[in-house]
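Residues per chain, in single letters:
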Amino acid sequence: EAVPADVEISRLIPVLDTLKGRVFCPISVDTTKAKVAEAALAAGATIVNDVWGFQRDHALADRAAEHGAGVVLMHNRENVDASIDIIDDMLRFLDTSLALALNAGIPLERIALDPGIGFGKTLEQNLAAIAGLDRLKTLGCPLLVGASRKSMIGKIIPSTTDERLPGTIAIHTAAILKGADIIRVHDVKEAVQ
C-alpha cells in the first residue's frame, strides 16, 4: 500500500536526527513525494532517490534543486510488457527525467541514473538492462545499479533473499563492466572486497 507523506516523514525524521553528528557521508532518501523530500533535505539528507524519476511529482525536482541536492532518477514502468525493447524504453523515460531535473536547475554533475532493476521488467528485461548499460551512458550521467538480493537472482538460481550474495556480486560485476559507476548493496564489506 502507498505510504502517506506524513507517515514517511514521521519515519524518516527521527532517523535523520539520530544520524546528525554520527554519519559523515552523503545520506540518500528514497521518496516520490516533494513534501517528504523537503523535510528530509531540511533534516540533513543530501541526495533524493526517486523511483519514478521526477515523473510522478514534478515538484520533487524543484525541492531537490532548492536544496542543492544530488538526485538519483530511476526508470520504472507501471506494467510489465515483455514485448517492448526495454533499453529504448529506458532511454526515453530517463531522457524525460533528465530534462525535468535540468529544467528545475539541478546541474548535470548532481544527477545519477538508475535502470531500475526489478521495477516493471521481466527477468529477461532485467538482464537486458544490465547488458545495455553502455547505451544508457550516452545520456551523460553516472549510472547507479541496485541488484542486491533482488528476486531476479532467485529466478535464475532458486534461493532465499539471504542466499543471494554470490548472484548479487556477479550481477554487479557485470554492471560495472558495462559502465555502472555506483552499486547499491546490502553487503558492503563483501562488495568492497
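Higher on the page you've got the structure.
Some details on the environment of S28
Move 1: Mapped onto the elements of the fold, S28 is located in strand β1 (residues 28-30).
Move 2: The class for S28 is partly exposed, based on a relative accessible area of 37%.
Move 3: Sequence-wise, S28 and I47 are 19 residues apart; in three dimensions their C-alpha atoms are separated by 4.4 Å.

Some details on empty space enclosed by the protein
Over the atoms, a rolling probe the size of a water molecule traces out where space has been left empty.
Move 1: Considering all chains together, one arrives at one cavity of 30 Å³ or more under this definition.
Move 2: There is about 30 Å³ of room inside the largest cavity.
Move 3: If you go around the largest cavity, the residues you meet are S148, L165, T168, I169, H172, V185, D187 and A191.
Move 4: With four residues, helix α8 (residues 165-177) is the single largest residue contributor to the lining of the largest cavity.

Side note on the nonpolar core
Looking at soluble globular proteins, one finds that nonpolar side chains tend to be buried together.
Move 1: One finds F54, I111 and L113 to be the most contacted residues of the largest nonpolar core, which totals 45 residues.
Move 2: Broken down by element, the residue count for this core peaks at eight residues, all from helix α4 (residues 86-104).
Move 3: Apart from residues lying up to four places away in sequence, I111 is in contact with V71, L73, L98, A101, L102, I106, C141 and P142.

Comments concerning the pattern of salt bridges
Move 1: Summed over the entire model, instances satisfying the criterion amount to 13 salt bridges.
Move 2: R63 is paired through a salt bridge with E66; the nearest N and O atoms lie 2.8 Å apart. Placement of both R63 and E66 in helix α3 (residues 59-66) is noted, with a separation of three residues, approximately one turn of the helix.
Move 3: Classification of R63 by relative accessible area gives partly exposed; the value is 22%.
Move 4: Since its relative accessible area comes to 54%, E66 is described here as exposed.
Move 5: In this structure, R184 and D114 form a salt bridge, with 3.1 Å as the shortest nitrogen-oxygen distance. With R184 in the loop between β6 (182-183) and α9 (188-192) and D114 in strand β4 (residues 111-114), the pair connects residues that are 70 residues apart, well separated along the chain.
Move 6: According to the relative accessible area criterion, R184 is partly exposed, its value standing at 33%.

Re the sheet that holds β4
Move 1: Strand order in the open sheet formed by four strands is β1-β2-β3-β4, with parallel pairing between adjacent strands. Strands at the two margins of the open sheet, each flanked by one partner only, are β1 and β4. Taking the axes of each pair of neighbouring strands and ignoring which way they run, one obtains an average angle of 20 degrees across the sheet.
Move 2: Bridge count for β1 against strand β2 (residues 47-50) is three bridges, and the pairing is parallel. Paired with D30 across the bridge in β2 is N49.
Move 3: Set on the sheet, α4 makes contact with β3 (70-74) and β4; between it and β3 the angle comes to about 155 degrees.

A few points about the packing of aromatic side chains
Move 1: This structure, assessed with the given rule, holds zero aromatic pairs.
Move 2: If you follow R56 out to its NZ or CZ, it ends over the ring of W52, 3.7 Å from the centre.

Looking at helix α2 (residues 34-42)
Residues three or four positions apart in an α-helix share a direction because the helix packs 3.6 residues into each turn.
Move 1: Taken residue by residue, α2 has A34, V36, A37, A40 and L41 as its buried positions. Buried residues along α2 cover an arc of 155 degrees about the axis, so they all sit on one side.
Move 2: The secondary structure elements touched by the buried residues of α2 are α1 (5-19), β1, β2 and α3.
Move 3: G44 sits one or two positions beyond α2 and adopts a positive phi of about 120 degrees.

Thoughts on α1
Move 1: For α1, built from 15 residues, the straight-helix expectation of 21 Å at 1.5 Å per residue is met to within 8% by its first-to-last C-alpha distance of 21 Å.
Move 2: Those residues of α1 lying buried are A5, E8, I9 and L16.
Move 3: Along its buried surface, α1 packs onto β1 and α2.

What counts and how
Residues numbered from 1 in each chain as written. Predicted model: local features only at pLDDT ≥ 70, side-chain atom pairs only at ≥ 80, totals over all residues. Heavy atoms only, no water. Helix = DSSP H or I, 4+ residues; strand = E, 2+ residues; numbered from the N terminus. Buried < 20%, exposed > 50% of the residue type's maximum accessible area, 1.4 Å probe, protein only. 1 Å grid on protein atoms, 1.4 Å probe; cavity = no way out; pocket = protein on both sides within 12 Å on 5 of 7 lines; lining within 4 Å. Points joined across faces, edges and corners; volume = space filled by probe spheres on them. Core = buried A, V, L, I, M, F, W, Y, C linked by side-chain atoms within 4.5 Å. Contact = heavy atoms within 4.5 Å. Salt bridge = Lys/Arg side-chain N within 4 Å of Asp/Glu carboxyl O. Pairing = 2+ DSSP bridges. Axes fitted to C-alpha atoms, helices over the stretch in contact; angles between N-to-C directions. Phe/Tyr/Trp six-rings, centres within 6.5 Å; stacked < 30°, edge-to-face > 60°. Lys NZ or Arg CZ within 6 Å of the ring centre and 35° of its normal. Arc of directions from axis to C-beta. Expected span 1.5 Å × (residues − 1).

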